[in-house]
Amino acid sequence: MADEHSSDDSDDNQEELAGVLSKWTNYIHGWQDRYIVLRGGTLSYYKSEQESGYGCRGALSLAKAVIKPHEFDECRFDVSVNDCVWYLRADSVEAKQIWVDALESYKLESGYGTGSENSLKRHGSTVSLQSNTYSTASGSSFKRSSRNLREKLAELDTFKDILCRQIETLQTYFDYCVDNEAHNGPNKEKLPVIDFKGEAITFKTTTAAVLDTLEHCAELVTQREESWRNRLDKEIERRKRSENLAKSYFAQLQKSRNIHPGPDLEEGPHSVLADDEFYDAVESGLDKMEEEQELRDRLKSGQVIPVASSPTSPASSHCLWPQVKIEKIVKQEVAMAKLGVGECGTGWQLFAEDGEMRMYRREEEIDGMVVDPLKAVHVVKGITGHELCHYFFSPQYRYDWETTLEHMTVLETISEDTLIFHQTHKRIWPASQRDTVFWSHMRRLADDQDRDGPDLWTVVNNSTEHVDHPANAGKCVRIFLTVCLLCQTRVDPPKDGAPVTREDLTCRITYCSVVNPGGWAPASVLRAVYKREYPKFLKRFTAYVKNQTKDKPIMY
């Protein structure tokens, strides 16, 4: 369906057209509904109408675009600029024609019409604007098939010249006759000598040739029509066979979760997959994970079985404490989290905003890989900082809120507040599967344990090495990360000495991270995924903690 809107901009008199069309994304996910907008000579697309306020996924300028209805699919049309092609499909022939007419009318009004012969030759096709079925032929094929017809037309032009000369000769004779009849005296001019028999024979022969040539032209047109009809029938049959073969292939592909297209269409240094197709595939995989997580949440009883804790020793006595300087890294990350965005250096950009939540990033790359530092600030009511850090740190809850997690193992329990994790994340085609090894440390900050002041808790995760799980030793690409979750609890004193309830609690969350995903994923894809996933993660995790603690005693 397409909706038309009149533009109020005085500088742009073009009509606006917007609606949902099917757009070909890639060979795995095929046709997907996208919200398409034509405004001011630019064709843009969004994933949905609701996301149109967050920026388009792609745009084409129509100034030199080629709009081509499909040869056989009456509801489909293609829009191309140089090597960039959008394959679009409407729900009906009428809706498709509305879009095609709007696109063509813009080109005509802008002086970039498709009527010139040079334009048709340059794009290698002759498109009929009155036909919604198929274009006639490619330029070279058209020339070959119409050569005989042009020769016959040239013959007709020659016969026309012969007949015109005969008419002039006869007209001259009749003019002499009229003039001599008027004078009828001794001074009358001598009539010119005309071979009427010869002229009659020439006229008869010429007119017969004209009729023969016209008959030949009719035969050529008929033959050409039959030829194109046969070609059309063959193309329709070939298309049906191809569609049946494709359906059979994708049915087999979906049955086997381990089968993927060749390596050229997967993440790697020589991948030929375009960035927009790469992102569409990753996005669809993430959506599927979220749906599976929602289904698990509905099926779960809500009871969490605690994991038996191993005997622990003080973290400071462990070899990693001085070796990787856990204490130093924790203090450093907490200090950075306490600083405002303006105090953390320049280049920070606000990339997501939703209610009380603000997310900032600073674009950085190492050896071509995106490692943008992230800083998020959020305010949540009804929970404490201790509760947030408890659920973020404890391994028994991790599967509940981390939707991309496939397998998690506690490699070592250094102490009750310091663990070493190995996590394997679900593979999202075409990206490679990834894993990470990191230590995680939770504490209540010693400098803020004054009961009259704000209550501060933190969890810091940082990548480390482990002899049993060396980096990039298997099929997984290793992620290297540093994450700090800093939570500050404030209590609004209840009136009349009433006991504190969750309605009196407010928690200010600061989340900082620097993640190097490794591998060869395109920078534009990574930034698009971060922009989409980080806000969802923070909202999903805080909602999970609120749901887990709503009927439990407050954990200070």
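Residues numbered from 1 in each chain as written. Predicted model: local features only at pLDDT ≥ 70, side-chain atom pairs only at ≥ 80, totals over all residues. Heavy atoms only, no water.

**Q** What's the story with the pattern of salt bridges in this structure? I'm lost.
**A** One side chain can pair with another of opposite charge once the charged atoms of both are near each other. Across all of its chains, the model carries 22 salt bridges by this definition. Between R39 and E16 there is a salt bridge; the shortest N-O distance is 3.1 Å. Of this pair, R39 sits in strand β3 (residues 30-39) while E16 sits in strand β2 (residues 16-26), and the two are 23 residues apart along the sequence. E16 gets classed as buried once you look at its relative accessible area, which sits at 15%. Where K539 meets D354, a salt bridge forms, and the shortest distance between an N and an O atom there is 2.6 Å. With K539 in helix α10 (residues 523-549) and D354 in strand β9 (residues 349-354), this pair connects stretches of sequence that are 185 residues apart. What you see here is one network of salt bridges that share partners, running through R361, E363, E365, D372 and R527. (Salt bridge = Lys/Arg side-chain N within 4 Å of Asp/Glu carboxyl O. Helix = DSSP H or I, 4+ residues; strand = E, 2+ residues; numbered from the N terminus. Buried < 20%, exposed > 50% of the residue type's maximum accessible area, 1.4 Å probe, protein only.)

**Q** What's the story with the packing of helix α8 (residues 385-393) against α10 in this structure? I'm lost.
**A** Two quantities define a packed helix pair, namely the angle between the axes and the distance from one axis to the other. Close contact between α8 and α10 brings their axes to 10 Å; oriented N to C, the two are set at 110 degrees. Looking at the two axes, α8 sits roughly perpendicular to α10. Contacts between α8 and α10 involve E387, L388, Y391 and F392 from the former and F537, F541, T542, Y544, V545, Q548 and T549 from the latter. Looking at the contact of α8 with α10, its residues break down into 7 nonpolar, 3 polar and 1 charged. (Axes fitted to C-alpha atoms, helices over the stretch in contact; angles between N-to-C directions. Parallel < 35°, antiparallel > 145°, perpendicular 65-115°, else oblique. Contact = heavy atoms within 4.5 Å. Nonpolar A, V, L, I, M, F, W, Y, C, P; charged D, E, K, R; others polar.)

**Q** In this structure, what is going on with α8? I would like to understand it.
**A** Within an α-helix, residues lying three or four positions from one another point in the same direction, as the helix has 3.6 residues per turn. The element α8 is extensively covered by neighbouring structure, given that 9 of its 9 residues are classed as buried. Every buried residue of α8 is accounted for by G385, H386, E387, L388, C389, H390, Y391, F392 and F393.

**Q** Explanation requested: the pairing of strand β15 (residues 418-425) in the structure shown.
**A** Taken residue by residue, a regular strand's side chains alternate between the two faces of the sheet. Taking burial as the measure, the 8 residues of β15 include 8 buried ones, the bulk of the element. Of the two faces of β15, both are covered, the one formed by T418, I420, H422 and T424 as well as the one formed by L419, F421, Q423 and H425. Between strand β14 (residues 405-415) and β15, which pair antiparallel and follow one another directly, the connecting turn spans 2 residues. (Pairing = 2+ DSSP bridges.)

**Q** Help me understand the pairing of strand β4 (residues 42-46) in this model?
**A** Within β4, 4 of the 5 residues are buried, which leaves the element mostly enclosed by the surrounding structure. Where β3 lies against β4, 5 bridges are found, and the strand directions are antiparallel. Paired with V37 across the strands is S44, a residue of β4. The turn linking β3 back onto β4 is made up of 2 residues, and G40 within it adopts a positive phi angle of 60 degrees. Of the pairings in the sheet, the one linking β4 to strand β5 (residues 58-61) comprises 4 bridges and is antiparallel in character. The residue bridging T42 from the neighbouring strand is S61, located in β5.

**Q** What's the story with the packing of aromatic side chains in this structure? I'm lost.
**A** Aromatic ring pairs are reported here in terms of the distance separating the ring centres and the angle at which the planes meet. Applying the stated criterion across every chain, the model contains 13 aromatic pairs. Aromatic side chains F392 and F541 sit 5.6 Å apart centroid to centroid with 75 degrees between the ring planes, which places their arrangement in the edge-to-face category. Here F541 lies in helix α10 and F392 lies in helix α8, a separation of 149 residues in the sequence. Summarising the burial analysis for this pair, F392 and F541 share the class buried. One aromatic cluster is present, built from ring pairs that chain together F392, W401, Y511, F537 and F541. A cation sits over an aromatic face here: R361 above F351, 5.4 Å from the ring centre. (Phe/Tyr/Trp six-rings, centres within 6.5 Å; stacked < 30°, edge-to-face > 60°. Lys NZ or Arg CZ within 6 Å of the ring centre and 35° of its normal.)

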